[in-house]
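In case you want the letters, here they are:
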Amino acid sequence: MALLQVHDLHTAYGRTRVHRGIGISIEAGEIVAILGPNGAGKSTLLSAVAGLIHPTAGRIEYQGQNISDWTADRAAKAGISLVPEGRRIFAGMTVRDNLELGAYVQSDRALIEQDIERVLDYFPILRERLNSQGSDLSGGQQQMLAIARGLMARPTLILLDEPSLGLSPVLVRDLQAIILGLRDQFGASVLLVEQNASLALGVATRGYLMQTGTIAAEGLLEEMRETGVMRELYLGVSSAR
Ligand SMILES: Nc1ncnc2c1ncn2[C@@H]1O[C@H](COP(=O)(O)OP(=O)(O)O)[C@@H](O)[C@H]1O
Ligand SMILES: [Mg+2]
């Protein structure tokens, strides 16, 4: 049984349709990439899996359950953690308070402290900045905090939306190791949305290329790169007719 299976998903914002029947799946322990240009529907897919919006048709299954109409709160409690685009941390709050907010699904104080220690061990720079305001962190530190906050929910499935956006090449390399650790150290599966194909290739073996609400290609990322389908998508060759 796949950890996450999306069947024939249709979504819309009011009368504006986004997805027109897409399917994806993730096995437990997998890191899967979703690539595609701006506006393709990548973030909307993550919103649907996280329960922030609901499909107009189709089905989302998580651990064998149909979660299509679940609220975001219920999805979070079941282990689905969204790290949204644009590292939306609480800028006016300290690093520690941001982490505590990430633990809102947890009520056991001792476990929360234990989890804070665990994520601070993983992100030592955040330990140094524990009492700093979110707004005083660098872009890379804010991205780490956004991921660390997501980890505080003890997720089974992490939805990462364009974590490399605006980061320097050096930080993108750090990010690659961080994403691999989400699986290898925290035991989470990861659905990674990226426009940075080389980051995706560095962490995921399998993925999907999304284009205007459809899956344009899927399979091994290395193969998609070799056959040129990735480049075609980004240069808009196939849609320039
Ligand atoms: N809150 C919203 N209300 C209306 N339209 C939206 C909203 N969010 C996204 N869209 C539209 O849905 C489409 C897919 O957007 P999105 O999922 O954000 O794409 P991506 O993440 O691939 O850039 C785009 O055409 C976008 O303009
Ligand atoms: Mg997006």
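Here, every reference points to the structure presented above.
Below: a short report on this structure.

Thoughts on the overall build of the protein
- Per the secondary structure count, the protein includes 10 helices and 10 strands.
- Relative to the globule expectation of 18 Å for 241 residues, the C-alpha radius of gyration of the protein, 18 Å, shows essentially globular dimensions.
- Its C-alpha atoms put the protein at 55 × 40 × 35 Å along the principal axes.
- Pairs at least 24 apart in sequence give 66% of the contacts found in the protein among residues at least 6 apart.
- For the protein, the exposed surface amounts to about 10900 Å²; the carbon and sulfur share of it is 49%.
- Positive and negative side-chain charges in the protein, numbering 22 and 26 respectively, have mean positions lying 5 Å apart.

Focus on the pairing of strand 10 (residues 214-220)
- Bridge count between strand 9 (residues 206-211) and strand 10: six bridges; the pairing is antiparallel. Bridging across to strand 10, arginine 206 finds its partner in leucine 220.
- Two successive antiparallel strands, strand 9 and strand 10, enclose a turn made up of two residues, where threonine 212 displays a positive phi of approximately 35°.

Considering the sheet that holds strand 6 (residues 80-83)
- One open sheet holds the six strands; their spatial order is 6-7-8-3-9-10, and the pairing between them is mixed. Looking at the sheet topology across the chains shown, the edges are occupied by strand 6 and strand 10. Taken over all neighbouring pairs, the strand axes of this sheet differ in orientation by 15° on average, direction set aside.
- Packing of helix 1 (residues 42-49) onto the sheet brings it into contact with strand 3 (31-35), strand 6, strand 7 (157-161), strand 8 (189-194) and strand 9, and relative to strand 7 it is tilted by some 150°.

Focus on the site of ligand 1
- As a structural note, the neighbourhood of ligand 1 is formed by Tyr13, Val18, Pro37, Asn38, Gly39, Ala40, Gly41, Lys42, Ser43 and Thr44.
- Within the contact set of ligand 1, an oxygen atom lies 2.7 Å away from a backbone nitrogen or oxygen of glycine 39.
- Here an oxygen atom of ligand 1 sits 2.9 Å away from a polar atom, N or O, in the side chain of serine 43.
- Compared with its free state, where it exposes 560 Å², ligand 1 has 57% of that area covered by protein.
- Among the elements that line the shell around ligand 1, the one with the most residues is helix 1, at three residues.
- Across the shell around ligand 1, the residue classes break down as four nonpolar, five polar and one charged.

What counts and how
Residues numbered from 1 in each chain as written. Chains lettered and ligands numbered in written order. Predicted model: local features only at pLDDT ≥ 70, side-chain atom pairs only at ≥ 80, totals over all residues. Heavy atoms only, no water. Helix = DSSP H or I, 4+ residues; strand = E, 2+ residues; numbered from the N terminus. Rg over C-alpha atoms; globule rule 2.2 N^0.38 Å. Contact = heavy atoms within 4.5 Å. Areas by Shrake-Rupley, 256 points an atom, 1.4 Å probe, with all protein chains shown as cover. Lys, Arg positive; Asp, Glu negative; His and termini not counted. Charge placed at Lys NZ, Arg CZ, Asp CG, Glu CD. Pairing = 2+ DSSP bridges. Axes fitted to C-alpha atoms, helices over the stretch in contact; angles between N-to-C directions. Near = heavy atom within 4 Å. Polar contact = N/O pair within 3.5 Å; in protein donor to acceptor, adjacent residues only side chain to side chain. Nonpolar A, V, L, I, M, F, W, Y, C, P; charged D, E, K, R; others polar.

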